[in-house]
Amino acid sequence: MTVRTRIAPSPTGTPHLGTAYIALFNKAFAEQQQGQFILRIEDSDAARSTKKSEIDICESLQWLNLRWDEGPDVGGPRGPYRVSERLPIYREHAQQLLHNGCAFRCFCSPERLVEVRQAQQKRKETPKYDGHCLGLSPQESKRRADAGEPFVVRLRVPPDGECTFTDQIRGEITIPWQQVDMQVLVKSDGFPTYHLCATVDDHLMGITHILRGEEWLSSCPKHVLLYDYFGWDFQKLYHLPLLRNKDQSKMSKRKNPTGIHYYRDRGYIPEALLNYLGTMGWSMPDGREQFSYDEFVEKLDLKRITPRGPVFDSEKLDWLNGVYLRDLDDADFQNRYLAWAQRADLGKLSSMLKERAERFDQVLPQVAYLVGEPAPFDADSFVHKSLVNEDIVKILDFAERTLDTVADWQSEAIAAALRSTAEKCSFKPREFLAPLFVAISGKKVALPLFDSIETLGEELTRARLRTAIDFLGGISNKSRKKLDKEWEALFSSDA
RNA sequence: GUCCCCUUCGUCUAGUGGCCCAGGACACUGGGUUUUCAUCCCAGCAACAGGGGUUCGACUCCCCUAGGGGACGCCA
């Protein structure tokens, strides 16, 4: 039996480091076993999935050299490799479950579901579906569906007993069925949920080993049940630990740069990043911390994966990247850093740069803070005639939240969003923008703010804002709460 | 709240009952090499969450407590 592994990202945002982490282990293991590594695009959330995100994901995995043997772009014998192109397959399988009584139609309105959930929470019970439509006769169920009443398909779950399965990293795990919700398998728009399509596709695509994030551990019983209902053999499961923030919580963009592009744009080289990711929850038998991807493939032993969630330590990554840079021979180093600095998006700034320069030697200093690190702040970087420290921190924090909502990362959209926030919290645009300018550029004089932000990109911008906030003393839990409230008030008054 | 997972230096980790009064790496501190800086070299700091068992012997096995994390969506 050939080993087949997969990674199934959902194209709903910027490519995440966690995806690269999981991809690395899947790919390396498949390669070691002379099997195949598959990329499947899990675009089962029609509302949030975007083509751009899919392209970004592919591109960032390619940058890391984590190429796939089968996938939406390269095809393969078990395609198609996009959930949205496999709808008839899921429909057929859902039909089968319905037919066997392993699943049932649910006609409950979203409003009712919310009510039920709230009542359960009030009674301190585990929120889950109350089984309202469980008792519908097949005839009744079919009649209502045929009459055009909207419905979802839910998984039938045993009322008692427990589910036992094996995670290859942790051993046997037992979860009471009472804890397991009657999961929606098919949404009212006819799309499958993750649980249905992932299980069906993993089987149909011949996946033999599932290496995925630990967040899936508690939904395993649903997957076990589905495999049981279909009569299929279950894959070997490996739940890799979740990458963590410094405070041990699941790595998130609010607390850490999580986008793969961020690391590329800051000049980490793929070899180093991959190497570092390979030391998260795993170690070489001989303890070596610097190793190439090929060495990783050669020595990878899934049994050596630890279940403990590792904190992503950017300082150690910096050190490792430095080691790699120093190992490059001089010509290589030159080629690579010049290639890195050769950024097409810098071209957009030409008109602004021309106005501000008489010679090329005056151009470089102007873009320095966009291409490289900005000058460090000093005591009076943020001093402002009408703003106190507290205002400035608030502005920086609100700017970060505002930028979160910008879907189209263009200077016009960025400008509009920030201006609107400034107005809402009754700052003059000039006041609101001043601290941002310093936070972004590190200087009092620089290229226009919104264009700088556009060029910097989302994560780099976020990182600068956060650095500035830290420089100003950070945000205590107490003031964080206050800011949350204030933001909430501004935001909801919008509606 | 319920369920599940986890618990070795600040951080990443080695350790699968005696080799461990716990080893390596990052960070930090001190020293050396170097015209500066960086690199490099040397040294130092620093951990088995707590409590019960099991055992001749526990970092390693079991139980409890505590702490951390995750899940509880017509998101994945």
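See above for the structure.
Counting restarts for each chain: residues are numbered from 1 in the order of the written sequence. In the order they appear in the text, chains get letters beginning with A and ligands get numbers beginning with 1. pLDDT decides what is reported in this predicted model: residues at 70 or higher carry local features, side-chain atom pairs at 80 or more are listed and counted, and totals for whole chains, interfaces and linings draw on all residues regardless. As a rule here, side-chain values cover all heavy atoms of the structure and leave hydrogens and water aside.

Chemist: I keep staring at helix α11 (residues 314–327) and nothing clicks. Help me out?
Modeler: Residues spaced three or four apart along an α-helix point in a common direction, a consequence of the helix completing one turn every 3.6 residues. Across its 14 residues, α11 extends 20 Å between first and last C-alpha, which sits within 8% of the 20 Å expected from 1.5 Å per residue. Each residue is placed in one exposure class: buried if its accessible area under a 1.4 Å probe, protein chains only, is under 20% of its type's maximum, exposed if it is over 50%, and partly exposed if it falls in between. Put simply, DSSP marks the helices as runs of H or I at least four residues long and the strands as runs of E at least two long, and each gets a number from the N terminus on. For α11, the set of buried residues is Leu 317, Leu 320, Asn 321, Gly 322, Val 323 and Tyr 324. Between two residues, a contact is recorded if the distance between any of their heavy atoms is within 4.5 Å. Summarising the contacts, the buried residues of α11 are in contact with α8 (260–265) and α9 (270–278). By the N-cap criterion, in which a side-chain oxygen at the helix start approaches the backbone nitrogen of a residue two or three places on, α11 is capped by Asp 313, the distance to Glu 315 being 3.1 Å. By this rule, a helix spans an expected 1.5 Å times one less than how many residues it contains. What qualifies as a polar contact is a pair of N or O atoms within 3.5 Å, subject to a donor-acceptor requirement within protein and to the restriction that residues adjacent in sequence count only when both atoms come from side chains.

Chemist: Just to check I follow, could you spell out the protein's contact with RNA strand B for this structure?
Modeler: Nearness is judged by heavy atoms alone; a residue qualifies as near a molecule or strand once a single heavy atom is within 4 Å of it. Around RNA strand B lies a shell of 51 residues, among which Gln 179, Lys 187, Gly 281, Glu 289 and Arg 308 are the nearest. In RNA strand B, atoms within 4 Å of the protein come 81% from sugar and phosphate. Within the contact set of RNA strand B, a base oxygen lies 2.8 Å away from a side-chain nitrogen or oxygen of Ser 188. With respect to RNA strand B, the backbone of Gly 281 contributes an N or O atom lying 2.2 Å from a phosphate oxygen. Counting only elements with at least two residues in the surface near RNA strand B, the list comes to α4 (110–122), β4 (152–155), β6 (171–176) and α11. A breakdown of the residues in the surface near RNA strand B according to their chemical character gives 17 nonpolar, 15 polar and 19 charged. Residue type decides the class: Asp, Glu, Lys and Arg count as charged, Ala, Val, Leu, Ile, Met, Phe, Trp, Tyr, Cys and Pro as nonpolar, and the leftover types, Gly among them, as polar.

Chemist: Is there a simple way to think about the pairing of strand β2 (residues 36–39) in this case?
Modeler: In regular strands, side chains alternate between the two faces of the sheet. Only when DSSP finds a minimum of two bridges between them are two strands counted as paired. Relative to β2, strand β1 (residues 4–7) is paired through four bridges, and the arrangement is parallel. For Thr 5, the partnering residue across the bridge sits in β2 and is Phe 37. In this fold, the crossover linking β1 to β2 by way of helix α1 (residues 17–32) has right-handed handedness. If the strands point away from the viewer and the path from the first strand over the helix to the second runs clockwise, then the crossover is right-handed.

Chemist: Explanation requested: the packing of aromatic side chains in the structure shown.
Modeler: Working definition: an aromatic ring pair is given by the centre-to-centre distance plus the angle between the planes. Pairing of aromatic side chains here covers Phe, Tyr and the six-membered ring of Trp, requires ring centres within 6.5 Å, and sorts the geometry by plane angle: under 30 degrees stacked, over 60 edge-to-face, intermediate tilted. If you walk through the whole model with that rule in mind, you get 21 aromatic pairs. Between Tyr 262 and Tyr 263 the ring centres are 4.9 Å apart and the planes differ by 80°, which places this aromatic pair in the edge-to-face class. Residue Tyr 262 is classed as buried on the basis of its relative accessible area, which comes to 8%. A relative accessible area of 1% places Tyr 263 in the buried class. Judged by centre distance (5.1 Å) and plane angle (85°), the rings of Trp 282 and Phe 296 are edge-to-face.

Chemist: Honestly, the pattern of salt bridges in this entry has me stumped. Any pointers?
Modeler: We define a salt bridge as a side-chain nitrogen of Lys or Arg found within 4 Å of a carboxyl oxygen belonging to Asp or Glu. What the rule picks out here adds up to 42 salt bridges. Between Glu 373 and Arg 266 there is a salt bridge; the shortest N-O distance is 2.9 Å. Within this pair, whereas Glu 373 is found in the loop between α14 (363–371) and α15 (389–404), its partner Arg 266 is found in the loop between α8 and α9, the two being separated by 107 residues in sequence. The class for Glu 373 is exposed, based on a relative accessible area of 63%. Assessed through its relative accessible area of 36%, Arg 266 is described here as partly exposed.

Chemist: Which parts of the structure should I look at to understand the nonpolar core?
Modeler: Soluble, globular proteins show a tendency: their nonpolar side chains are buried together. If you look at the biggest cluster of nonpolar residues, it comprises 99 residues, and the most contacted ones within it are Phe 25, Leu 396 and Leu 436. Top contributing element to this core by residue count: α1, with 10 residues. Once residues lying within four places of it in the same chain are set aside, the contact partners of Phe 25 are Leu 211, Leu 240, Leu 277, Gly 278, Met 280, Trp 282, Phe 296, Leu 300 and Ile 305. In this description, a nonpolar core means a group of buried Ala, Val, Leu, Ile, Met, Phe, Trp, Tyr and Cys residues linked to one another through side-chain atoms lying within 4.5 Å. Membership of the second largest hydrophobic core comes to 48 residues, among which are Ile 38, Val 83, Cys 108 and Ile 175.

Chemist: Help me understand unusual backbone geometry in this model?
Modeler: Most peptide bonds take the trans form, and the phi angle of most residues other than glycine is negative. In this structure, Gln 34 is a non-glycine residue whose phi angle is positive, near 55°. Take Gln 34: it is sitting in the loop between α1 and β2. Its identity is not glycine, yet Ser 426 carries a phi of approximately 45°, on the positive side. Structurally, Ser 426 can be placed in the loop between α16 (411–424) and α17 (429–441).

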